[in-house]
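Listed below are the residues making up each chain.
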Amino acid sequence: MTTTQQISALIGKNFSVESKELSGATDFESLEFDSLVLVELAVILTRDYGVEITDEELAEAETIGATAALVNSKTRALTV
C-alpha cells in the first residue's frame, strides 16, 4: 500500500469520508477541511509516521498526494 493510499484510508477512517472517493488529487478544500481538521490530521500523521507534520504544512500541501510526498520526504530524512 502506498503512502497516498494509507493517508486516504486514514482520512476515511478518522473523518467519516468514503475512502473509495479519495485519491492523490483530492484536495482538503473539496473535503471541507478547515484549520481545526488540519490540526487534527497533523497530530494523527505525526503519531502514525513518527515525524513532525504541522497543520501549516498540510495547508500548503493542499492535496492527499502532496501530503504523502511530504510524509515520505520527512521519513526518508530520518533514515539518512
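Rules of the game
Residues numbered from 1 in each chain as written. Predicted model: local features only at pLDDT ≥ 70, side-chain atom pairs only at ≥ 80, totals over all residues. Heavy atoms only, no water. Helix = DSSP H or I, 4+ residues; strand = E, 2+ residues; numbered from the N terminus. Phe/Tyr/Trp six-rings, centres within 6.5 Å; stacked < 30°, edge-to-face > 60°. Buried < 20%, exposed > 50% of the residue type's maximum accessible area, 1.4 Å probe, protein only. Core = buried A, V, L, I, M, F, W, Y, C linked by side-chain atoms within 4.5 Å. Contact = heavy atoms within 4.5 Å. Axes fitted to C-alpha atoms, helices over the stretch in contact; angles between N-to-C directions. Parallel < 35°, antiparallel > 145°, perpendicular 65-115°, else oblique. Left-handed = near helix turned anticlockwise from the far one by under 90°. Nonpolar A, V, L, I, M, F, W, Y, C, P; charged D, E, K, R; others polar.

Q: So what exactly am I meant to see when it comes to unusual backbone geometry here?
A: A negative phi angle characterises most non-glycine residues, just as the trans form characterises most peptide bonds. Unlike most non-glycine residues, Glu-32 shows phi in positive territory, near 60°. With respect to the helices and strands, Glu-32 occurs in the loop between helix H1 (3–15) and helix H2 (35–49).

Q: What is the right way to look at the packing of aromatic side chains in this model?
A: Between two aromatic rings, the relevant description is the distance of the centres plus the angle of the planes. Throughout the structure, instances matching the rule amount to two aromatic pairs. Arranged with centres 5.3 Å apart and planes meeting at 50°, the rings of Phe-15 and Phe-33 form a pair that is tilted. With Phe-15 in helix H1 and Phe-33 in the loop between H1 and H2, this residue pair connects regions lying 18 residues apart in the sequence. Side by side, Phe-15 and Phe-33 carry an identical accessibility label, which is buried. Seen in terms of ring centroids, Phe-28 and Phe-33 are 5.9 Å apart; in terms of plane orientation they differ by 10°. Their pairing is stacked. Judged on exposure class, the residue Phe-28 and its partner Phe-33 are both buried.

Q: What is the right way to read the nonpolar core from this model?
A: Within the largest apolar cluster, 22 residues are counted, with the highest numbers of intra-cluster contacts made by Ile-11, Phe-15, Phe-28, Phe-33, Leu-41 and Leu-58. The set of elements that each furnish at least two residues to this core consists of H1, H2 and helix H4 (64–79). Not counting chain neighbours up to four residues away, the residues in contact with Leu-58 comprise Phe-28, Leu-38, Leu-41, Ala-42, Leu-45, Ile-53 and Thr-67.

Q: Sorry, what's going on with the packing of H1 against H2 here?
A: When two helices pack together, their arrangement is captured by the angle between the axes and the distance separating the axes. In the contact formed by H1 and H2, the axes pass within 11 Å of each other and the chain directions differ by 125°. With respect to their mutual orientation, H1 and H2 come out oblique. Of the two possible hands of crossing, H1 and H2 adopt the one that is right-handed. Counted together, Thr-3, Gln-6, Ile-7, Leu-10, Ile-11, Asn-14 and Phe-15 of H1 and Val-37, Glu-40, Leu-41, Ile-44, Leu-45, Asp-48 and Tyr-49 of H2 form the full contact between these two elements. Each residue belonging to the contact of H1 with H2 can be placed in one class, and the counts come to nine nonpolar, three polar and two charged.

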